[in-house]
Amino acid sequence: MKNIRITPAFVLLAAALICCENGGLIGALCAAVAAHEGGHRLLIRLWGGRVEQLTLGLGGMDSRYTCPRASYPKDAWIALAGPGANLLCCLLCAAPAQRLENEGLYLFLGCSGLLCLFNLLPALPLDGGVCLRALLLCRWEMERCDRALAVCGWCVGMALLAAGVLLCVLSQGNVTLLVCALFVLSRAGRQGRQRRKTPLRLGLKERA
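In this convention, every chain numbers its residues from 1, walking through the sequence in written order. In keeping with the predicted nature of the model, local features appear solely for residues at pLDDT of at least 70, side-chain atom pairs appear and are counted solely at 80 or more, and the whole-chain, interface and lining totals rest on all residues. Side-chain figures throughout are based on the complete set of non-hydrogen atoms in the structure, without hydrogens or water.

Novice: How should I be thinking about the overall build of the protein chain in this particular structure?
Specialist: The secondary structure listing takes helices from DSSP runs of H or I that are at least 4 residues long and strands from runs of E that are at least 2 residues long, numbered from the N terminus. When its secondary structure is counted, the protein chain shows 7 helices and 3 strands. For the protein chain, the N- to C-terminal ordering of α and β elements is β-α-α-β-β-α-α-α-α-α. For the protein chain, the residues scored as buried account for 38% of the 208 residues in total. Counting only contacts in the protein chain whose residues sit at least 6 apart along the sequence, the fraction spanning at least 24 positions is 64%. Each accessible area is a Shrake-Rupley result for a 1.4 Å probe, and residues are judged covered by the shown protein chains and nothing else. Looking at the protein chain as shown, the accessible area adds up to about 11600 Å², and 67% of this sits on carbon and sulfur atoms. Only protein chains enter the accessibility calculation, which uses a 1.4 Å probe. A residue is then buried if its area is under 20% of the maximum for its type, exposed if over 50%, and partly exposed in between. Two residues form a contact once any of their heavy atoms are found within 4.5 Å.

What follows is the structure in structure tokens.
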């Protein structure tokens with residue numbers, strides 16, 4: 001890997017988590033994120049590719065990679081490898097967590113499950129959106145594909161926004177889903193305003 005880039009937004013997010021949450025939850029979340037990104041990188045390496053750049057930002061870790069004999073279906077599988085790794089962690093750790101009654105394992109299971117489900121949402125820059133874009137590009141031209149993804153992003157973002165408002169009211173202040181909704185909606189807005197001309201999350205290339 002050539003370089004690692006850390007954005008100011010990631011530093012602020014990390015500082016907020018350290019100030020607001022307990023150490024056990026932060027450790028479990030970091031472990032779940034590491035497993036998630038490990039799933040992406042494992043499949044990239046198995047197919048002979050390599051990660052060129054890792055960016056730590058508000059949306060998590062974004063990997064840019066090169067892969068020989070690249071194809072859109074291959075990009076889709078690489079995108080799904082992250083949520084798949086989290087799902088595998090849940091399956092492997094469920095029995096030990098129940099038997100040992102370990103709080104750390106329970107937190108890791110919860111973080112892994114939520115990370116898996118959230119990333120499967122069909123909206124960019126989440127893995128579900130990257131996978132959907134790769135599959136659509138097998139059939140559609142770039143412009144039509146981006147329009148469809150912008151609509152999906154708005155639908156997912158509005159659903160998260162409604163759920164976030166409800167969660168904030170019921171929990172008296174939990175704004176986690178609201179932040180996720182604003183993140184997805186902001187990306188959908190950019191997607192709708194202009195056609196993206198740079199590689200996607202996880203290095204998805206705009207191949208002819």
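Past the structure itself, the notes keep going.
Novice: Quick question: what am I supposed to make of the pattern of salt bridges here?
Specialist: Oppositely charged side chains may form a pair once their charged atoms are brought near each other. Criterion for a salt bridge: a side-chain nitrogen of Lys or Arg within 4 Å of a carboxyl oxygen of Asp or Glu. Counted under the stated rule, the structure contains 2 salt bridges. Between Asp-146 and Arg-133 there is a salt bridge, with the nearest N and O atoms lying 3.1 Å from each other. Taken together, the residues span a long stretch of sequence, with Asp-146 in helix 6 (residues 142–171) and Arg-133 in helix 5 (residues 127–137) at a distance of 13 residues. Look at Asp-146 and you get buried, because its relative accessible area is 4%. Residues Arg-147 and Glu-143 are paired through a salt bridge, measuring 3.3 Å at the closest nitrogen-oxygen approach. With a gap of 4 residues between them, Arg-147 and Glu-143 both fall in helix 6, about one helical turn apart. Judged by its relative accessible area of 46%, Arg-147 is partly exposed.

Novice: Whenever I open this one, the environment of Glu-37 confuses me. Can you help?
Specialist: Relative to the helices and strands, Glu-37 is located in helix 2 (residues 23–46). Between the C-alpha atom of Glu-37 and that of Ser-63, which follows or precedes it by 26 residues, the distance is 8.5 Å.

Novice: Can you help me understand the nonpolar core in this one?
Specialist: In summary, soluble globular proteins display a tendency toward joint burial of nonpolar side chains. To define a nonpolar core, start from buried Ala, Val, Leu, Ile, Met, Phe, Trp, Tyr and Cys residues and group those joined through side-chain atoms within 4.5 Å. Within the largest apolar cluster, 12 residues are counted, these being Tyr-72, Ala-76, Ala-79, Leu-124, Val-130, Cys-131, Ala-134, Leu-136, Leu-137, Met-142, Cys-145 and Leu-149. Looking at this core, the elements that each hand over two or more residues are helix 3 (72–100), helix 5 and helix 6. Residues within four places of Cys-145 in sequence aside, it is in contact with Arg-133, Leu-136, Leu-137 and Trp-140. In terms of nonpolar packing, the next biggest core, distinct from the first, is built from 11 residues, Cys-89, Cys-90, Cys-93 and Leu-115 among them.

Novice: Looking at this structure, how should I read the packing of helix 3 against helix 4 (residues 103–119)?
Specialist: The packing of two helices is summarised by the inter-axis angle and the distance between the axes. Throughout, an axis means a line fitted to C-alpha atoms (over the contacting stretch in the case of helices), and angles, computed between N-to-C directions, take values from 0 to 180 degrees. For the pair helix 3 and helix 4, the least separation of the axes is 8 Å and the interaxial angle reads 155 degrees. Here helix 3 is positioned roughly antiparallel relative to helix 4, judged by the angle of their axes. Once helix 3 is placed against helix 4, the crossing between them reads as left-handed. Facing helix 3, whose interface residues are Pro-83, Asn-86, Leu-87, Cys-89, Cys-90, Cys-93, Ala-94, Pro-96, Ala-97, Gln-98 and Leu-100, helix 4 presents Leu-105, Tyr-106, Phe-108, Leu-109, Ser-112, Gly-113, Leu-115, Cys-116 and Asn-119. Under the scheme applied here, ten amino acids are nonpolar (Ala, Val, Leu, Ile, Met, Phe, Trp, Tyr, Cys and Pro), four are charged (Asp, Glu, Lys and Arg), and all others, including Gly, are polar. Classifying every residue of the contact of helix 3 with helix 4 gives 15 nonpolar, 5 polar and no charged. Comment on the angle field: the value is read as roughly parallel under 35 degrees, roughly antiparallel over 145, roughly perpendicular from 65 to 115, and oblique elsewhere. Crossing handedness follows the turn of the near helix against the far one: under a right angle anticlockwise gives a left-handed crossing, and clockwise gives a right-handed one.

Remember that the coordinates give geometry; whether it matters functionally is a separate question.
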